[in-house]
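# Reading the structure
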Amino acid sequence: MGLLTFSLNLTLDGCVDHQEGIADDETHAFFTRLMDEAGAMLWGRVTYEMMESHWPAVAQGKVAVPAAIREWAVKLEAKPKYVVSMTRKHFPWAHTHHLGDDLRAGVHALKDATPAGVLLGSGKLAAELDRLDLIDEYIFLVHPRIAGHGPTLYQSGLPSTRRLDLVCARPLRSGAVAMHYRRERG
């Protein structure tokens, strides 16, 4: 069974607005490595639609971007992508699949079928999966910014505190810090 790893950019005050992070070559290399190591991506509908609105065009060369960004988009295009949605069932982006109505069973089946692990990149979905006790690891890229606005990580709350063990922390040249935690079990 593969691990479910929640990974996201956030500011020091917990803002997860994708426009608040530092989008440099080192950040893209960091997320490219995470994606390369994972067997599949898992998103909620809103994140999927945000990604679908931009990255397929980049992968197809319809948007002028640096080579590293295009490489990331091409890899993302080829990666299996799973989407949790109650309102949408059809996902035309290459290699995208709808995850069924039973979230717990669907994520367990996805983890079982993906030994390399699943990379989760949606904040609201992560909160729901955390409530279901399904997230195994957390990799956050914390940016040296205070946004002063939301959305924020876990703003809908959790039923209890999650205890985590630090696997590693690594500063980037931009001042962002990559923090990898594993869920403390037992």
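Placed above this text is the structure.
Next up on the list: the overall build of the protein. Helix and strand counts for the protein come out as six helices and eight strands. Ordered by position in the sequence, the α and β elements of the protein form the string β-α-β-α-α-α-β-β-α-β-α-β-β-β. Expressed as lengths along the three principal axes of its C-alpha atoms, the size of the protein is roughly 50 × 40 × 30 Å. Residue burial in the protein is summarised as follows: out of 186 residues, 44% are buried. At a minimum sequence separation of 6, the contacts of the protein that also span at least 24 residues come to 72%. Split by element, the accessible area of the protein, about 9,500 Å² in all, is 56% carbon and sulfur. Side-chain charges of the protein comprise 21 positive and 22 negative groups, with the mean position of each set lying 1 Å from the other.

With that out of the way, let us pick up the pairing of strand β1 (residues 4-11). Consecutive side chains of a regular strand alternate in pointing toward one face of the sheet and then the other. With seven of its eight residues buried, β1 lies for the most part within the structure. Where β1 and strand β6 (residues 137-143) come together, seven bridges link them in parallel fashion. Across the sheet, residue Ser-7 finds its bridge partner in β6, namely Ile-139.

Between Gly-150 and Pro-151 the backbone carries a cis peptide bond, its omega angle lying at 5 degrees. For Pro-151, the location among the structural elements is in the loop between β6 and β7 (164-171). With a phi close to 60 degrees, Asp-133 is a non-glycine residue in the positive phi region. Residue placement: Asp-133 occurs in the loop between α6 (123-131) and β6. Take Asp-133: its relative accessible area is 39%, and that puts it in the partly exposed class. You will see that Tyr-154, though not glycine, has its phi angle at about 60 degrees, which is positive.

With that settled, the discussion passes to the sheet that holds β6. Strand order in the open sheet formed by eight strands is β4-β3-β2-β5-β1-β6-β8-β7, with mixed pairing between adjacent strands. Looking at strand neighbours, the two that pair on one side only are β4 (96-99) and β7, the edges of this open sheet. Averaged over all adjacent pairs, the angle separating strand axes in this sheet is 25 degrees, with direction ignored. Where strand β2 (residues 40-44) lies against strand β5 (residues 118-120), three bridges are found, and the strand directions are parallel. Bridge pairing in β5 links Ala-40 to Val-118. Sheet strands in contact with helix α2 (residues 45-52) are β2, β3 (81-84) and β4, and its direction is about 110 degrees off that of β2.

Each value, and the rule that gives it
Residues numbered from 1 in each chain as written. Predicted model: local features only at pLDDT ≥ 70, side-chain atom pairs only at ≥ 80, totals over all residues. Heavy atoms only, no water. Helix = DSSP H or I, 4+ residues; strand = E, 2+ residues; numbered from the N terminus. Buried < 20%, exposed > 50% of the residue type's maximum accessible area, 1.4 Å probe, protein only. Contact = heavy atoms within 4.5 Å. Areas by Shrake-Rupley, 256 points an atom, 1.4 Å probe, with all protein chains shown as cover. Lys, Arg positive; Asp, Glu negative; His and termini not counted. Charge placed at Lys NZ, Arg CZ, Asp CG, Glu CD. Pairing = 2+ DSSP bridges. Axes fitted to C-alpha atoms, helices over the stretch in contact; angles between N-to-C directions.

These figures capture arrangement, not role.
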